[in-house]
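# Fold and geometry: a report
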Amino acid sequence: MRRIIDRSMVFFSVKPLFTVLVISLSLSLILVLISIPSTPFSSNLSATTSSLQSEIWSVRRMFEWRPCKWWLEGHLTALPAETNGYIRVDCYGGLNQMRRDLCDGVGIARLLNATLVLPKFEVAAYWNESSGFADVFDVDYFIQHMKGFINVVKDLPAELESKEPFHVDCSKRKGHFDYIESVLPSLLEHHYISFTPAMSQRRDRYPLYGKAALCQACYKALRLTRALEKKGSELLDAIPKPFMALHLRFEPDMVAYSQCQYSGLSSASMKAIEAAQGDRKPWTGEAARLWRNRGKCPLTPNETALVLRSLAIPRNTNIYLAAGDGLMEIEGFKSMYTNIYTKSVLLSGEDFTNMHGNTKAALDYYVSINSDSYVATYFGNMDKMVAAMRAYKGLYKTLFLNRRAFAEFTSQGLEGKELVKALWKSHTDDFVLGRGSALPDCFCEFKL
């Protein structure tokens, strides 16, 4: 703007009519800029629009993750003729957390030479959930595609069908020999046990036949029921193409759990966060700064918009918002990206109202693994599963926004073009090198 006005001053004495025209156009441009809805980052966003390069997806990658050959090329070790017993995996949490538990449970059952009983999905009021494994996943498809990796049964033999399984605490069991030494004796004694795998498994220490069973369960044998796939396909067809799926996480319970402080939020958002905090109070002072700089704080929708603009994602991009109920502070994001689509809008009111939490999560998952590009603001269970499935399908426009880099750059006082340049470099480095795009346990790195 300043450059245009300076030039008009230079030519004012020579071409007064031309000067009047330039000044008029400048004033019109100012009025247009004033009319754009403001956000906490509006000045930064405006500063970037004149210097954006091609969007990040045009950058040439050097590495990518593909399914490992030892998994895809068949069964490495034949199943023993006789089983050591039956195992039921008890799965808790949201859909993708339960899916992770099931995948780990399959690997553990194979290590113990056990037969797998269909898993038990938690009935949880918190998730508005009452659906079981068979309500979400195709049981017959799962059993068929696990053949040769592990035996799966719908029903127990007559001598066990009336018994409840003996529950084994696996909260501290993480490695191959942990299960052989501590869990196998219970399996041999009771013949039918249940457990929930610990959150952090040492899958890298599994023999290949154990890892292959886990990988097969996670990425090839789990298919949504026909009814859910049909609903997901209808939802996918309703979204204008091409489109980006954005998994945006900024719900009250998540923010409260992060123990992060935020300024500039609405009073309604602050009240919702405080109500969800309970005993988990946010960090303060230097501890809060260090916590944020470690990348522990969820990006707000406004911050997400800034990062996307830094990555040259066009403002007219069609975006499917894969998000849970109660997403806060979305208005600022929608003022920057206006082509937003959600399942609550695209599905009929009756369909959406009657959906359980697992059904909603399954539809978000289905749309996300089939989207033209996928961006996640966090690195949760759904993001890991979606990224890995997209790699399995050969879809590589997948990116996790770097919360740590954003926190470090803003704490250093970077803004405007400097912030955009720094965000662009950090994220393109991640994209080029394929960082965080798949689970290494089942996928191998390939140099392009």
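Anyway, here's the lowdown on the structure attached to this text. (Residues numbered from 1 in each chain as written. Predicted model: local features only at pLDDT ≥ 70, side-chain atom pairs only at ≥ 80, totals over all residues. Heavy atoms only, no water.)

## Quick look at the sheet that holds strand β2 (residues 86-91)
What the five strands build is an open sheet, ordered β4-β3-β2-β6-β5; its pairing is parallel. Every interior strand has two partners, whereas the edge strands, β4 (152-153) and β5 (166-167), have only one. As judged from the two bridges shared by strand β3 (residues 115-121) and β4, these two strands associate in the parallel manner. Note on β4: the bridge partner recorded for Leu116 is Val152. (Pairing = 2+ DSSP bridges. Helix = DSSP H or I, 4+ residues; strand = E, 2+ residues; numbered from the N terminus.)

## Details of the pairing of strand β7 (residues 243-247)
Strand residues, when the strand is regular, have side chains that alternate between the two faces of the sheet. Across the five residues of β7, five count as buried, placing the element largely inside the fold. Residue alternation in β7 divides its side chains into two sets, Phe243, Ala245 and His247 and Met244 and Leu246, and both sets are buried. The pairing of β7 with strand β8 (residues 318-322) spans five bridges and is parallel. Across the sheet, His247 pairs through a bridge with Ala322, a residue of β8. One ladder, built from four bridges, connects β7 with strand β10 (residues 373-376); its direction is parallel. Paired with Leu246 across the bridge in β10 is Val375. (Buried < 20%, exposed > 50% of the residue type's maximum accessible area, 1.4 Å probe, protein only.)

## Some thoughts on the packing of helix α10 (residues 208-221) against helix α20 (residues 381-392)
Closest axis-to-axis distance for the α10/α20 pair is 10 Å, and the angle between their directions is 80 degrees. When the axis of α10 is compared with that of α20, the two are roughly perpendicular. Packed against α10, whose contacting residues are Cys218, Tyr219 and Lys220, the element α20 presents Met385, Ala388, Met389 and Tyr392 at the interface. Here the residues of the contact of α10 with α20 sort into six nonpolar, no polar and one charged. (Axes fitted to C-alpha atoms, helices over the stretch in contact; angles between N-to-C directions. Parallel < 35°, antiparallel > 145°, perpendicular 65-115°, else oblique. Contact = heavy atoms within 4.5 Å. Nonpolar A, V, L, I, M, F, W, Y, C, P; charged D, E, K, R; others polar.)

## Concerning unusual backbone geometry
A cis amide bond links Lys241 to the next residue, Pro242, at an omega of -10 degrees. Position of Pro242 among the secondary structure elements: in the loop between α11 (226-238) and β7. In this structure, Asn113 is a non-glycine residue whose phi angle is positive, near 50 degrees. Of note, Asn113 is situated in the loop between α5 (95-111) and β3. Phi is positive for His191, close to 70 degrees, though the residue is something other than glycine. Accessibility expressed as a relative area gives 42% for His191, which makes it partly exposed.

## Remarks on the sheet that holds β7
The sheet built from five strands is open, its strands ordered β9-β8-β7-β10-β11 with parallel pairing. Every interior strand has two partners, whereas the edge strands, β9 (340-341) and β11 (398-400), have only one. Pairing geometry for β10 and β11, over three bridges, is parallel. Opposite Tyr374, over in β11, you have Thr398 as the bridge partner. Strands in contact with α20 are β7, β8, β10 and β11; relative to β10, the strand with the most contacts, it is inclined by about 155 degrees.

## A closer look at the side chain of Asn96
When you line up the elements, Asn96 lands in helix α5. Its relative accessible area of 8% is what places Asn96 among the buried residues.

## Some remarks on the pattern of salt bridges
Pairing between side chains of opposite charge can happen when their charged atoms approach one another. Going through the model one piece at a time under the given rule, you end up with 14 salt bridges. Across the salt bridge formed by Arg223 and Asp138, the nearest N and O atoms sit 2.9 Å from each other. Residue Arg223 is located in the loop between α10 and α11, and its partner Asp138 is located in the loop between α6 (133-136) and α7 (139-145); the two are separated by 85 residues in the primary sequence. Ionic pairing is found between Lys425 and Asp429, a salt bridge with its closest N-O pair at 2.9 Å. Of this pair, Lys425 and Asp429 both sit in helix α22 (residues 416-433), four residues apart, which is roughly one turn of that helix. A single salt-bridge network, built from bridges that share partners, covers Arg61, Glu64 and Arg66. (Salt bridge = Lys/Arg side-chain N within 4 Å of Asp/Glu carboxyl O.)

## Comments concerning α20
Since one α-helical turn is 3.6 residues long, residues separated by three or four positions face the same way. Under the 1.5 Å per step criterion, the end-to-end length of α20 is 17 Å for twelve residues, consistent within 8% with the ideal 16 Å. Looking only at α20, the buried set comprises Met382, Asp383, Met385, Val386, Ala387, Ala388, Met389, Arg390 and Ala391. (Expected span 1.5 Å × (residues − 1).)

## Quick notes on the side chain of Asp383
The topology assignment puts Asp383 in helix α20. Arg249 provides the closest opposite charge to the buried, salt-bridge-free Asp383, at an N-O distance of 6.0 Å. Only 2.8 Å separates the side chain of Asp383 from the backbone nitrogen of Gly380, close enough to count as a polar contact. Asp383 has contacts with His247, Tyr374, Ala376, Tyr378 and Phe400, leaving out every residue within four places of it along the chain. (Lys, Arg positive; Asp, Glu negative; His and termini not counted. Polar contact = N/O pair within 3.5 Å; in protein donor to acceptor, adjacent residues only side chain to side chain.)

## Comments concerning the state of the cysteines
On inspection of all chains with the given rule, the structure shows four disulfides. Note that Cys68 is cross-linked by a disulfide to Cys444, the S-S spacing being 2.0 Å. The chirality of the disulfide connecting Cys68 with Cys444 is right-handed, given an S-S dihedral of about 110 degrees. Taken as a pair, Cys68 in the loop between β1 (63-67) and α4 (69-72) and Cys444 in strand β12 (residues 443-447) lie far apart in primary sequence, 376 residues in all. Cys68 sits in the buried class, given a relative accessible area of 1%. A residue is classified by how much of its surface remains accessible, and Cys444, at 27% relative accessible area, is partly exposed. For Cys103, the disulfide goes to Cys218, at an S-S distance of 1.9 Å. Torsion about the S-S bond of the Cys103 and Cys218 cystine: about 110 degrees, corresponding to right-handed handedness. Linking Cys103 in helix α5 with Cys218 in helix α10, this pair joins segments that are 115 residues apart in sequence. (Disulfide = S-S within 2.5 Å.)

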